[in-house]
Each structure stands twice: as C-alpha cells, then as structure tokens.
Amino acid sequence: MDHTTITPLLADKVAFVTGAGRGIGAAAARLFAREGARVLLAARTESELKAVTEEIRAAGGTADHVRCDLADPASVRAAVDRAVELYGRLDVAFNNGATIQHPGPLDQLSEEEFDHVVSVNLKGPWLAMNAEIAAIRATSGTGAIVNNSSVGSLMANPWLPAYGAAKRAVNSLTASAAATYGPEGIRVNAIAPGGTLTKMIDDWEAATPGILEQLVTATPLGRGADPAEIAEAAAWLLSDRASYVTGVVLRVDGGSRA
C-alpha cells in the first residue's frame, strides 16, 4: 500500500478571489480552500458571499468574505488589505470578477454600457493587481496572480465587442505585469475559459437564444465547461507546481480555439 501523501496544491497559501459569490469565482474559492489555502472571497453581493463562505467552513476550510465593487478603487484596495488583516499576508490572487455587456454590434452599445464594461473588466483587474502586488511585496515577498480572461479575447467577437476588447486588454496587462514583476518572484498569468455554464452564459443565452448550442457545436469536447474545471486551471497556475510559468494566457476551452 502506498502511504505517500500528496501535498495540497495551495497548502499554507493565503488567497484572494474576486467575483467569488457565484460561478467560476465560487468554484475557485471552494477548490482553493480544499487545496489548503485560507481564502478571502470578494464580490458585490453579500448574501452570495456569505453562502459560499459558510459552505467552505462547513467542509472544514478556512474562509472569510468582504464586499467589493471592482468599479470602486477604494473598495478594491480595502478588500485586498482585509486579506492581510485577517491572515497576516497575501500569497496568491485570482482576479475573476467581471461583467457582461448586452450582446450586439458595437455601434448599438451605449457609451454608458461601454464605460461600465471597461471599468469592471479592465480597470478592475488593474486596480486589483496594483493592490495585490503591494500586499504580496509587503508580506510574502513572492507570489502569483491569475487574471480571468476569455477565449472571446483571442478572436473577433461580434456579439460581445466591448467585453472581448476589455478581456484582450487584460491579456496585455497580464503580459506586462509578468515582465515587470517576474524579477522579484511574482508570477502573473491569465486563463481564457471557453463556454462555461454560469449565470453569465445563461444571461447571454436569454438575450441571444441558441448561442450556447452554437458555442458547444464549435467545441471539440462537445459540451460547456463546469465552473470547477476552469477553477482547476487557475489553482494550478497559482500553485508552486507552476513555478516556471508566467506571462501565459492558458486556454481552458474544450478545444474551441484549437
């Protein structure tokens, strides 16, 4: 009988997760806790955060939550600072929080909606990275960050042009941060999920009936992703097992961009 114990992927890490109330963020928070991290969950909806936090604790994990609006710089920094207050340091962060736009051609998008999409999906991760890098530097010294992008950032995106543009900009920000902070031992990567079965895709399907079937048809694995499958990629990139990986945008898309 093999008595070899496998060290959990994120053993003894302190992790910060945005958009953690549901979907990919909630799946990531649950997984990170199961893999040994102490997790601070951040999102806008208190009730959702509380439910996921309680679920993690009931399963024996360590978690807490903080309300955070990615469009508000003070709120973002306060949330990251809270992780350090609670757990003494910050090691890893998953910038997952995002907002979808109303699907349609770019000339039919209001300026207000464009600004909102860019504020949450591009400025939000930029604000979070600034706060996270400062916290990692001040406490752990080295660490890792993963930004949640989208396969929709890797191609023309006629249905979601502002969303695709903001996510493509996140890929660029990820590469720049990897080059900037690599020398001091802070790794920065992104994941690019394909069609994932979350509320965001439900909303898109409601606005554009048939889009989910279209996405699945274009996916060699022939189905949408479970949020937990996306979370697994983020967990690995944040772990020390990915110690020589930085500056990548990892497609987790069932082969849709193969």
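Just above, that's the structure.
In this report, we go over the structure that sits alongside the text. Predicted, not measured: the structure shown is a model, and the values here were computed from it.

1. Digging into the packing of helix 1 (residues 23-34) against helix 8 (residues 227-238)
Step number 1: Interhelical geometry of helix 1 versus helix 8 gives an angle of 55 degrees and a closest axis separation of 8 Å. On the basis of their axis angle, the class for helix 1 and helix 8 is oblique. Read as a crossing pair, helix 1 and helix 8 show a hand that is right-handed. Where helix 1 abuts helix 8, its residues Gly23, Ile24, Ala27, Ala28, Leu31 and Phe32 lie against Pro227, Ala228, Ile230, Ala231, Glu232, Ala234, Ala235 and Leu238.
Step number 2: Broken down by class, the residue content of the contact of helix 1 with helix 8 amounts to twelve nonpolar, one polar and one charged.

2. Considering the environment of Leu49
Step number 1: You can see Leu49 is positioned in helix 2 (residues 46-58).
Step number 2: In this structure the C-alpha to C-alpha distance between Leu49 and Gly21, which are 28 residues apart in sequence, comes to 4.5 Å.
Step number 3: Excluding residues within four positions of it along the chain, Leu49 makes contact with Ala20, Gly21, Leu41, Ala42, Ala43, His65, Val66 and Arg67.

3. Re the side chain of Arg187
Step number 1: Tracing the sequence through the fold places Arg187 in strand 6 (residues 186-193).
Step number 2: At 5.4 Å, Asp240 is the nearest oppositely charged side chain to Arg187, a buried residue that forms no salt bridge.
Step number 3: Within the structure, Arg187 has its side chain in polar contact with the backbone oxygen of Ala242 (distance 2.9 Å).
Step number 4: Not counting residues up to four positions away in its chain, the partners in contact with Arg187 are Gly143, Ala144, Ile145, Leu237, Leu238, Ser239, Ala242, Ser243, Val245 and Thr246.

4. A few points about the packing of aromatic side chains
Step number 1: For the structure shown, the criterion picks out two aromatic pairs.
Step number 2: Ring plane angle 50 degrees and centroid distance 6.2 Å describe the contact between Phe32 and Phe94, whose orientation is recorded as tilted. Note that Phe32 is positioned in helix 1 and Phe94 in strand 4 (residues 92-95), a separation of 62 residues in sequence.
Step number 3: Taking 5.8 Å as the distance between ring centres and 65 degrees as the angle between the ring planes, the aromatic pair formed by Trp159 and Trp204 counts as edge-to-face. Here the residue Trp159 occupies a position in the loop between strand 5 (143-148) and helix 5 (161-181), and Trp204 occupies one in helix 6 (residues 199-207), the gap between them amounting to 45 residues.
Step number 4: Among the residues examined, Trp159 registers a relative accessible area of 28% and is labelled partly exposed.

Calculation criteria
- Throughout this description, residue numbers start from 1 for each chain and increase along the sequence as written.
- In keeping with the model being predicted, local features are shown solely for residues with a pLDDT of at least 70 and side-chain atom pairs are shown and tallied solely at 80 or more, while totals for entire chains, interfaces and linings include all residues.
- Calculated side-chain values reflect all of the structure's heavy atoms, with hydrogen atoms and water omitted.
- As a rule, the C-alpha atoms of each element are fitted with a line to give its axis, helices using only the stretch in contact, and angles between N-to-C directions run from 0 to 180 degrees.
- Segments assigned H or I by DSSP are reported as helices when at least four residues long, segments assigned E as strands when at least two residues long, and all are numbered from the N terminus.
- Note on angle classes: values under 35 degrees are labelled roughly parallel, values over 145 roughly antiparallel, values of 65 to 115 roughly perpendicular, and the remainder oblique.
- Helix crossings fall into two classes, left-handed where the near helix is turned counterclockwise from the far one by less than a right angle and right-handed where it is turned clockwise.
- Throughout, a residue-residue contact means that at least one pair of heavy atoms, one from each residue, lies within 4.5 Å.
- In the scheme used here, Gly and all other residues not listed as nonpolar or charged are polar, with Ala, Val, Leu, Ile, Met, Phe, Trp, Tyr, Cys and Pro taken as nonpolar and Asp, Glu, Lys and Arg as charged.
- Each residue's exposure class comes from its accessible area (1.4 Å probe, protein chains only) as a fraction of the maximum for that residue type: buried when under 20%, exposed when over 50%, partly exposed otherwise.
- Only four residue types enter the tally: Lys and Arg on the positive side, Asp and Glu on the negative side; His and the chain ends are excluded.
- Counted as salt bridges are all cases of a side-chain nitrogen of Lys or Arg within 4 Å of a carboxyl oxygen of Asp or Glu.
- Side-chain atoms alone can form a polar contact between residues adjacent in sequence; in general such a contact is a pair of N or O atoms within 3.5 Å, and within protein one must be able to donate a hydrogen while the other accepts it.
- For this analysis, a ring pair means two rings from Phe, Tyr or Trp (six-membered ring only for Trp) whose centres lie within 6.5 Å, classed as stacked if their planes differ by under 30 degrees, edge-to-face if by over 60, and tilted for the remaining angles.

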